[in-house]
Amino acid sequence: MKINITKSANSKISELDFDNLEFGRIFSDHMFEMSYQNGVWKQPEIKPYAPITFEPSMMALHYGQAIFEGMKAYFADDKTIHLFRPKDHHKRLNNSARRLCMPEIEESVFIEGLEELLKLDSAWVPRKHGHALYIRPLMFASEEYLAAKVSAEYQFYIITSPVAAYYSEGFNPVSLTTSENFVRAVKGGTGEAKAAGNYGGSFLPAKKAQEKGYTQVLWLDAVEHKYVEEVGTMNIFFLMDGKLITPQLQGTVLPGITRRSVITLAKEWGLEVEERQISIDEVFDAHKNGILKEVFGAGTAAVISPVGHINHQGESITLDRDKIGPFAKKMFDAITGIQYGKVEDKYGWTHPVKLP
Ligand SMILES: Cc1ncc(COP(=O)(O)O)c(C=O)c1O
């Protein structure tokens, strides 16, 4: 399907200070837009980034039918723009759509939409190594109707925002705490979908953790409150006993694209990787026994985020609080190396966008 393109008459790029980018505050000149009505997606469009108007009766506002993705485009060493694993993000978007009874999007429309948007807004992709253009595809139910039911109408957008390097001032290990009263997801719920409501429900526990001085909540399973699940917007990894261990995907954890990349590279390097249940007690015991070497989060925003401290019911363990472990650093360098075209991309993860 050909995308209708309306170029912005006034670029806002001259207002942008590339040396002081704040995450998700400033948006590039254009956005991708597509509407779903009468059982089909209509003509896709790229047009100037602008407010959209809806009635207060719009279903997404009442019943939370809203999903999104988070990915990045990088200005690579060969002076092209690289998307990282866009087809995997597309698959996850459609998985989220199915869970919320929303219509799927064709891969070719998603990829072409991204490519055309990046071609138009290529100047918005920061040139500095470490910086990137954050890409936010989103879909929501747009029927104006107060019945609690599946919506008949949807809107899909892709908006983009230039972001600075996550670690411009060195790696900053995060401090995590489990939560005694709150859970993020239950089996059979929406935890494995990138559903907007999952995040809304996590803000109160995250706020309480921050009030106690922790960066984020380390989620435990909702039934036994025993097994580690994930962190805010990251999957979690434990380097212990000579193996890399991460919670398995069983419906409650978001299947991270970075998580999958970490597993692939760790296996390539000859490390045994276990995707399995891991209890918080096992983590604390491993620390006591001196076999817990590193803990880190993995996600699009930071790529790899070292964990320096974990609190669980008043007991705590401290890892390398002020630095990143050697394995996590090697993983960070390997993944970012591929993203910026500095390291061979053996797995075809990068998707170069040919600029006009
Ligand atoms: C809840 C949650 N877990 C994990 C992740 C990491 O996923 P990815 O590596 O695809 O960014 C994210 C970020 O998207 C997230 O929101």
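The shown structure was predicted, so the numbers you read here are calculated from the model rather than taken from an experiment.

J.: Whenever I open this one, the overall build of the protein chain confuses me. Can you help?
T.: Regarding its fold elements, the protein chain presents eight helices and 19 strands. Principal-axis analysis of the C-alpha atoms gives the protein chain an extent of 60 × 50 × 35 Å. Looking at the protein chain as shown, the accessible area adds up to about 16500 Å², and 49% of this sits on carbon and sulfur atoms. Averaging the locations of the 40 positively and 45 negatively charged side chains of the protein chain gives two centres separated by 1 Å.

J.: Which parts of the structure should I look at to understand the environment of Ser-8?
T.: By the secondary structure assignment, Ser-8 is in the loop between β1 (4-5) and β2 (30-37). For the pair Ser-8 and Ile-46, spaced 38 residues apart in sequence, the C-alpha separation works out to 9.8 Å. Excluding anything up to four places from it in sequence, Ser-8 contacts Asp-29, His-30 and Pro-48. Within polar-contact distance, the side chain of Ser-8 engages the backbone oxygen of Asn-10 at 3.2 Å.

J.: Would you take a moment to explain unusual backbone geometry for this structure?
T.: Glycine aside, negative phi is the norm for most residues, and most peptide bonds take the trans geometry. For His-225, which is not glycine, the phi dihedral falls at a positive 55°. By the secondary structure assignment, His-225 is in the loop between β11 (216-220) and β12 (228-231). Despite not being glycine, Asp-241 shows a phi value in the positive range, around 55°. Counting through the fold element by element, Asp-241 comes out in the loop between β13 (235-240) and β14 (243-246).

J.: For this particular structure, what's the right way to read helix α7 (residues 280-288)?
T.: In an α-helix, one turn spans 3.6 residues; hence positions three or four apart end up facing the same way. Turning to α7, its buried residues number three or more, namely Ile-280, Val-283, Phe-284 and Ala-286. Relative to the axis of α7, the buried residues are bounded by an arc of 160° and lie together on one face. Contacts from the buried residues of α7 go to β11, β12, β13, β16 (292-299), β17 (303-312) and β18 (315-318). Where α7 terminates, the next one or two residues include Gly-290, which has phi positive at roughly 75°.

J.: Can you help me understand helix α6 (residues 257-268) in this one?
T.: The end-to-end C-alpha distance of α6, which contains twelve residues, comes to 17 Å, matching closely the 16 Å that a straight helix rising 1.5 Å per residue would cover. Buried residues of α6: Ile-257, Thr-258, Arg-259, Ser-261, Val-262, Ile-263, Leu-265 and Ala-266, and no others. Remark: Gly-270 follows α6 within two positions and exhibits a positive phi of approximately 90°.

J.: Where do I start with the site of the ligand in this structure?
T.: Neighbouring the ligand are 16 residues; Lys-194, Tyr-199, Glu-230, Thr-258 and Thr-300 lie closest to it. Tyr-199 has a polar side-chain atom sitting 2.5 Å from an oxygen atom of the ligand. Surface burial for the ligand is 97%, taken as the share of its 380 Å² of free accessible area covered by protein chains. Taking a 2 Å distance to the grid points as the criterion, the majority of the atoms of the ligand fall inside the largest pocket. Among the secondary structure elements, those contributing two or more residues to the shell around the ligand are α6 and β16. Grouping the constituent residues of the shell around the ligand by class yields five nonpolar, seven polar and four charged.

J.: Can you help me understand the nonpolar core in this one?
T.: Looking at soluble globular proteins, one finds that nonpolar side chains tend to be buried together. One finds Phe-32, Leu-118, Met-139 and Phe-156 to be the most contacted residues of the largest nonpolar core, which totals 46 residues. Here this core gets six residues from one element, more than from any other, and that element is helix α3 (residues 107-120). Contact partners of Phe-156, with chain neighbours within four places excluded, come to Phe-32, Glu-33, Met-34, Trp-41, Leu-93, Ile-105, Phe-110, Pro-137, Leu-138 and Met-139.

J.: Explanation requested: the side chain of Thr-177 in the structure shown.
T.: For Thr-177, the position within the fold is in strand β10 (residues 174-177). A polar contact of 2.9 Å, which involves the side chain of Thr-177, links it to the side chain of Asn-311. Beyond its immediate chain neighbours, meaning those up to four positions away, Thr-177 contacts Ala-209, Tyr-214, Gln-216, Val-217, Leu-218 and Asn-311.

J.: Explain the packing of α6 against helix α8 (residues 326-339) here, please?
T.: Relative placement of two packed helices is described by the angle separating their axes and the distance separating the axes. Between α6 and α8, the least distance of the axes is 11 Å, while the angle of their chain directions is 110°. The angle between the axes of α6 and α8 places the two elements in the roughly perpendicular class. Across from Thr-258, Ser-261, Val-262, Leu-265 and Ala-266 in α6, the residues of α8 making contact are Phe-327, Met-331, Ala-334 and Ile-335.

J.: What am I meant to see in the pairing of strand β7 (residues 81-84) here?
T.: Covered by surrounding structure in β7 are Ile-81 and Leu-83 together with His-82 and Phe-84, the residues of both alternating faces. Relative to β7, strand β6 (residues 71-75) runs antiparallel, the two being bridged by three bridges. What sits directly across from Ala-73, in β7, is Leu-83. Between β6 and the antiparallel strand that follows it, β7, lie five residues; Lys-79 among them carries a positive phi value of about 65°.

J.: Help me understand the layout of surface pockets in this model?
T.: One water molecule sets the probe size; rolling that probe over the atoms shows where empty space is left. In this structure, the largest pocket occupies an estimated 910 Å³ of space. Sorting the residues of the lining of the largest pocket by element identifies β8 (132-141), α4 (196-200), α5 (203-211), β11, α6 and β16 as the ones contributing at least two each. In terms of residue class, the lining of the largest pocket is made up of 17 nonpolar, 15 polar and five charged. Here the lining of the largest pocket spans two domains, and each of domain 1 (4-163) and domain 2 (174-339) adds at least three residues to it.

Conventions adopted
Think of each chain on its own: its residues are numbered from 1, step by step along the sequence as written. Totals for whole chains, interfaces and linings use every residue, but because this is a predicted model, local features are given only for residues with pLDDT of at least 70 and side-chain atom pairs only at 80 or more, for both listing and counting. Neither water nor hydrogens contribute to the side-chain values; these are computed over all heavy atoms in the structure. By definition, any uninterrupted DSSP run of H or I lasting at least four residues is a helix, any uninterrupted run of E lasting at least two residues is a strand, and each is numbered from the N terminus. The accessible surface values rely on the Shrake-Rupley method and a 1.4 Å probe; as for residues, cover is taken only from the protein chains in view. In this charge count, Lys and Arg are treated as positive and Asp and Glu as negative; neither His nor the chain ends contribute. Every charge is mapped to an atom, namely NZ of Lys, CZ of Arg, CG of Asp or CD of Glu. The contact criterion used is simple: two residues touch if any of their non-hydrogen atoms lie within 4.5 Å. By the criterion applied in these results, polar contacts are pairs of N or O atoms within 3.5 Å in which, for protein atoms, one can donate a hydrogen and the other can accept it, and in which residues neighboring in sequence qualify only through two side-chain atoms. Note on classification: 1.4 Å probe, protein chains only; a residue is buried when its accessible area is under 20% of the maximum for its type, exposed when over 50%, partly exposed between these limits. To obtain the arc, one takes the directions from the helix axis to the C-beta atoms. Every helix has an expected span of 1.5 Å times one less than the residues it contains. Distances are taken per atom, and a residue is near a molecule or strand as soon as one of its heavy atoms is within 4 Å of it. A pocket here means an open set of points on a 1 Å grid, computed over the protein atoms alone, that has protein on both sides within 12 Å along at least five of seven lines. A cavity is instead a set of points where a 1.4 Å probe fits but cannot get out; residues with an atom within 4 Å of a point line either one. To decide whether a molecule occupies a pocket or cavity, check its atoms: if more than half lie within 2 Å of the grid points, it is inside. Residues are grouped as follows: Ala, Val, Leu, Ile, Met, Phe, Trp, Tyr, Cys and Pro are nonpolar; Asp, Glu, Lys and Arg are charged; all remaining types, including Gly, are polar. Definition of nonpolar core: a set of buried residues of the types Ala, Val, Leu, Ile, Met, Phe, Trp, Tyr and Cys, connected through side-chain atoms within 4.5 Å. All axes here are fitted lines through C-alpha atoms, helices being fitted over the stretch that makes contact, and every angle between N-to-C directions spans 0 to 180 degrees. Orientation categories follow fixed angle ranges, with anything under 35 degrees roughly parallel, anything over 145 roughly antiparallel, 65 to 115 roughly perpendicular, and all other angles oblique. The pairing criterion for strands is at least two bridges between them, as found by DSSP. Grid points are joined across faces, edges and corners, and a volume is the space filled by probe spheres set on the points. Where each domain begins and ends is defined by an automated method or by a domain database.

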